[in-house]
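Now for the letters of each chain:
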Amino acid sequence: MPRFRPILDTMPAYKAGKAVASADGRSYKLSSNESPYDPLPSVVEAIAEGARQINRYPDPGAVRLTEAIAERYGVPAEHVALGAGSVTVAQQLFETVSEPGAEVIYAWRSFEAYPLLADLAGATSVRVPLKGEDHDLDAMADAITEQTRMIFVCNPNNPTGTSIRREALEAFLDRVPETVLVVLDEAYREYVRDAEVVDGLELYRDRPNVCVLRTFSKAYGLAGLRVGYLIAHEPVASAVRKTIIPFAVNSLAQIAAVASLAAEDELLERVDLVVKERTRVREALIAQGYDVPPTEANFVWLRLGDRTLDFAAACAVEGVAVRPFAGEGARISIGDPEANDTFIKAAGAYFSQPTLL
Ligand code: PMP
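In short, a report on the structure. (Residues numbered from 1 in each chain as written. Predicted model: local features only at pLDDT ≥ 70, side-chain atom pairs only at ≥ 80, totals over all residues. Heavy atoms only, no water.)

**Quick look at the environment of Pro159**
Relative to the helices and strands, Pro159 resides in the loop between β5 (148-154) and α7 (166-175). Pro159 sits 164 residues away from Arg323 along the chain, and the two C-alpha atoms are 9.0 Å apart. Setting aside its immediate chain neighbours within four residues, Pro159 contacts Arg109, Ser110, Phe299, Trp301, Phe325 and Arg331. (Helix = DSSP H or I, 4+ residues; strand = E, 2+ residues; numbered from the N terminus. Contact = heavy atoms within 4.5 Å.)

**Some words on the sheet that holds strand β3 (residues 103-108)**
Pairing in this open sheet of 7 strands is mixed, and the strands run β2-β8-β7-β6-β5-β3-β4 from one edge to the other. Strands at the two margins of the open sheet, each flanked by one partner only, are β2 (80-83) and β4 (124-129). Strand-to-strand twist across the sheet, computed as the mean angle between neighbouring axes with direction ignored, equals 25 degrees. Here 4 bridges tie β2 to strand β8 (residues 228-231), and the two strands are oriented antiparallel to one another. Counterpart to Ala81 in the pairing with β8 is Leu230. Each of β5, β6 (181-185) and β7 (210-215) is contacted by α7, which is oriented at about 175 degrees to β5, the strand it contacts most. (Pairing = 2+ DSSP bridges. Axes fitted to C-alpha atoms, helices over the stretch in contact; angles between N-to-C directions.)

**Comments concerning the site of the ligand**
Taken together, the neighbourhood of the ligand is formed by 13 residues, with Ser86, Tyr188, Thr215, Ser217 and Arg226 sitting nearest. Asn158 is positioned with one of its side-chain polar atoms (N or O) 2.7 Å from an oxygen atom of the ligand. With respect to the ligand, the side chain of Arg226 contributes an N or O atom lying 2.7 Å from an oxygen atom. Against a free-state accessible area of 400 Å², the protein chains account for coverage of 93% of the ligand. A per-class count over the shell around the ligand returns 5 nonpolar, 5 polar and 3 charged. (Near = heavy atom within 4 Å. Polar contact = N/O pair within 3.5 Å; in protein donor to acceptor, adjacent residues only side chain to side chain. Areas by Shrake-Rupley, 256 points an atom, 1.4 Å probe, with all protein chains shown as cover. Nonpolar A, V, L, I, M, F, W, Y, C, P; charged D, E, K, R; others polar.)

**Notes on the nonpolar core**
Of all hydrophobic cores here, the largest spans 83 residues; its most connected members are Ile69, Phe172, Phe216, Phe311 and Phe343. Discounting residues that sit within four places of it in the chain, Phe216 has contacts with Leu65, Ile69, Gly221, Leu222, Ala223, Val227, Tyr229, Ala257 and Leu261. (Core = buried A, V, L, I, M, F, W, Y, C linked by side-chain atoms within 4.5 Å. Buried < 20%, exposed > 50% of the residue type's maximum accessible area, 1.4 Å probe, protein only.)

**Here's the deal with empty space enclosed by the protein**
Gaps between atoms show up when a probe of the same size as a water molecule is rolled over them. All chains considered together, the criterion is met by 2 cavities of 30 Å³ or more. If you add up the space inside the largest cavity, you get close to 60 Å³. Lining the largest cavity are Ser35, Tyr37, Asp38, Pro39, Leu40, Val43, Tyr220, Gly221, Leu222, Ser260, Leu267 and Arg270. Residues that form the lining of the largest cavity fall into these classes: 7 nonpolar, 3 polar and 2 charged. In this structure, the second largest cavity encloses a volume near 50 Å³. (1 Å grid on protein atoms, 1.4 Å probe; cavity = no way out; pocket = protein on both sides within 12 Å on 5 of 7 lines; lining within 4 Å. Points joined across faces, edges and corners; volume = space filled by probe spheres on them.)

**Considerations on helix α10 (residues 251-262)**
Helix length check: α10, at 12 residues, gives a terminal C-alpha distance of 17 Å against a target of 16 Å (1.5 Å per residue), a fit within 8%. Among the 12 residues that make up α10, 10 are buried, leaving the element largely enclosed by the rest of the structure. Residues of α10 that are buried: Ser251, Leu252, Ala253, Gln254, Ala256, Ala257, Val258, Ala259, Ser260 and Leu261. Check the buried side of α10 and you find it contacts α2 (41-50), α3 (63-73) and α11 (264-288). Put simply, Asn250 is the residue that caps the front of α10, since its side-chain oxygen is 2.9 Å from the backbone nitrogen of Leu252. (Expected span 1.5 Å × (residues − 1).)

**Describing the sheet that holds strand β9 (residues 299-302)**
One open sheet holds the 3 strands; their spatial order is β9-β12-β11, and the pairing between them is antiparallel. Looking at which strands have only one partner, the edges of the open sheet turn out to be β9 and β11 (323-325). Taking each pair of neighbouring strands and ignoring which way they run, the sheet shows an average axis angle of 15 degrees. When β11 meets strand β12 (residues 329-333), the two strands line up antiparallel, connected through 3 bridges. Along β12, the bridge assignment pairs Pro324 with Ala330.

**What about the packing of α11 against helix α13 (residues 337-351)?**
At a closest axis distance of 10 Å, the pairing of α11 and α13 adopts a crossing angle of 10 degrees. In this view, α11 runs roughly parallel relative to α13, as classed from their interaxial angle. Judged by the sense of rotation from one axis to the other, the crossing of α11 with α13 is right-handed. Residues Glu277, Arg280, Val281, Ala284, Leu285 and Gln288 of α11 form the contact with α13, whose participating residues are Pro337, Asn340, Asp341, Phe343, Ile344, Ala347, Gly348 and Phe351. Of the residues that constitute the contact of α11 with α13, the class distribution is 8 nonpolar, 3 polar and 3 charged. (Parallel < 35°, antiparallel > 145°, perpendicular 65-115°, else oblique. Left-handed = near helix turned anticlockwise from the far one by under 90°.)

These figures come from the coordinates and say nothing about function on their own.
Encoded structure:
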């Protein structure tokens, strides 16, 4: 029997969102925070054209995409590091700072990949419980020790949808020593409408230890192609670039991301539609009697405690897949209006069962 690292025995498997179907075959996947829209024709065309060259390796430096991102955000190209989805960039970040004894702080519950990546990289996770549904930034700052190497701040937070406003985030960053890297995970940034929720790119400019993680998977609708990026000062970005597996960002992903930036206006109109639907879904749930924390992301969160799995099963009967976290709550992505209507109906029917809530 080959010998494996003992940590593998204790690591929970990453649970991806599943699809379900109702008895009459309806299926609404609201479990992975994906864009509900078909890819734009211009993006599909660019991918089809690019497919003619897939006998060649991709550009390892992804020069065109790197330059397009740099131009879009007004940052030097040396500040951009790419990966195969932002989860891979997060993994690369863990690789850059981890060694035995190195501590990485993050809120919990937050994005499920953080503990896995910490374990894999050999870092020690320091989980700071949420306060209600929000980051407890004071407790996170108090948790910093000599061993702390990195802090992940997920803003808006997955799965609770809550977000951190400028003043609170700045006050927190002021308490973090410059030797500790702060990663602002902004996978859902494009859905933020609260003007007080600061754009991490404004904060990173004057703070060499702060960086911003973004993705093409959500607002840009490229979840299936896997491309994400970090914007960070040169020492951080170049450390992350060193940890990339050669050719990790494939050529079609590079081409599609460049085409998506070119079609950004169209894509952001779709984000507006999702944001409108988010308001509609949240208000409908509140009218039904649910507590729904404010959300700046493309999902809502219901803290259902012991009833979480039961609730998910009731939604599944209607063909709606949600993301349950047993004993805690359910995260429901905002889909197209039909999916949202079906979910609202299922949630209403569930709430009206007096023995259950
Ligand atoms: N960060 C957060 C907070 C997320 O929710 C996700 C996706 N669920 C990711 C990063 C990773 O997304 P991707 O790898 O598709 O870019």
